[in-house]
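# Descriptive analysis of the structure
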Amino acid sequence: RHRTMKRSRETVPALHALKKMKVNELKDWCTDLGVRKQGLKADLIAALDAARTTTSTSTSSHYQPPPAARTPVHHGAAAGVQHKTSPGAYRSLVPTPQGKKSPGATFFEKYASESDPKRMDLGGFVKLGLELAGGDEERSLTPQHTALLFYLCWKMKAKGFGELTLEGFTAGCDAIKCFSVDEIRNKAPTLLREVSGGKVDPSRAASSEQSFQAFHSFVYDMLRPEGKKYIEKEMAMLALQAIFLGLEGRESRHIELFVKFLTAREKLEILNNDQWKGFLQFSRDVDAAFSGYSDADPWPSLLDDFVTWAKEQAEWKEAH
């Protein structure tokens, strides 16, 4: 398409217009402005919005993208368990005197939007995410870290990725009994047990499965563009890696090959809810050699195509 306007930090569209753009359009803007273009669609929007709002300062050149799943990392970190009498647990039970802010509200303040102190936008969530990663960008890009951010969005009832309200944030803090970056970071392995597999904590297998189903559906709904019934492919790939690589006990033997398959399907731009749910069931029912799979079964056609494609790949042939 012929460009009618030179792309610059001064001409970056308003936030509501950025949200209506497709991922490829956002990446074109990021390329022209020299802004890093990694992460979810929400991450790209945050980067461009930050570039627009910081035009007159030098800080825009130091923008760091929010955490997003990118590459598999090793699992097995020890899951530290917080004692029931942790400081966070006590604070959530202490009544807040009239006129005094609750611990959750005080925590929220640091990341609140300048234009609306009762709302956290993507810029604030970027800041929170990087602090949770200890300022380590590589760590912030792992599936494990993105899984934690999705979990926080779930507990804090986010309407979109990183779009939080004061009410939802404080309720989430009370629910997980964490009121600081350090508390969330230290308690993360324990928190994620709520949606991890039963093999991580067999005593909680049933409740974990119920929570995971709710979490899995929430992530899909959270990432859907407003008014749409699908999620864009690139966002789906990052989210699938966060869930099936980032959650201990939920690993899928198919995830890495499936992401390669989606990447190879250049004309595929979206995933619908049937495909999203279908991959979860496929991961549970079908082994690495595709035993248990039949093209007569009512799988989404995308998964039928995946099996056909995978069997033609050298790495699959060597393993089977």
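What comes next is a walk through the structure. (Residues numbered from 1 in each chain as written. Predicted model: local features only at pLDDT ≥ 70, side-chain atom pairs only at ≥ 80, totals over all residues. Heavy atoms only, no water.)

We now examine the packing of aromatic side chains. Scanning the entire structure with this criterion turns up 20 aromatic pairs. Between F125 and F161 the ring centres are 5.4 Å apart and the planes differ by 85°, which places this aromatic pair in the edge-to-face class. Linking F125 in helix α6 (residues 122–132) with F161 in the loop between α8 (143–155) and β2 (164–165), this pair joins segments that are 36 residues apart in sequence. For the residue pair F125 and F161, the accessibility class agrees, reading buried in each case. Ring centres 5.3 Å apart and planes at 75° place the aromatic pair F282 and W299 in the edge-to-face group. (Phe/Tyr/Trp six-rings, centres within 6.5 Å; stacked < 30°, edge-to-face > 60°. Helix = DSSP H or I, 4+ residues; strand = E, 2+ residues; numbered from the N terminus. Buried < 20%, exposed > 50% of the residue type's maximum accessible area, 1.4 Å probe, protein only.)

Two numbers describe how α8 lies on helix α10 (residues 181–192): the axes approach to 11 Å, and their chain directions differ by 80°. Between α8 and α10, the interaxial angle falls into the category roughly perpendicular. Along its contact with α8, which presents A147, L148, Y151 and L152, the element α10 presents I184, A188, L191 and L192. (Axes fitted to C-alpha atoms, helices over the stretch in contact; angles between N-to-C directions. Parallel < 35°, antiparallel > 145°, perpendicular 65-115°, else oblique. Contact = heavy atoms within 4.5 Å.)

By the criterion of burial, helix α15 (residues 301–310) is predominantly enclosed, with 7 of the 10 residues buried. Along α15, the positions that sit buried rather than exposed are L302, L303, D304, F306, V307, W309 and A310. Structurally, α15 contributes buried residues whose contacts are with α13 (255–264), β4 (270–272), α14 (273–285) and α16 (314–319).

A complete count under the given rule lists 10 salt bridges for this structure. A salt bridge links R250 to E209, with the nearest nitrogen and oxygen atoms 2.9 Å apart. Taken together, the residues R250 in the loop between α12 (233–244) and α13 and E209 in helix α11 (residues 205–223) connect sequence positions 41 residues apart. A residue is classified by how much of its surface remains accessible, and E209, at 24% relative accessible area, is partly exposed. (Salt bridge = Lys/Arg side-chain N within 4 Å of Asp/Glu carboxyl O.)

Let's shift gears to the environment of L268. Tracing the backbone through its elements, the reader meets L268 in the loop between α13 and β4. Here the alpha-carbon distance between L268 and L302, two residues 34 residues apart in the chain, equals 9.9 Å. Not counting residues up to four positions away in its chain, the partners in contact with L268 are K233, L262 and L302.

Take L18: it is sitting in helix α1 (residues 15–20). Exposure remark for L18: the relative accessible area of 0% places this residue in the buried category. In sequence terms L18 and I45 are 27 residues apart; their C-alpha atoms lie 6.1 Å from each other. For L18, the residues in contact, after removing those within four places along its chain, are V12, P13, L26, I45, L48 and D49.

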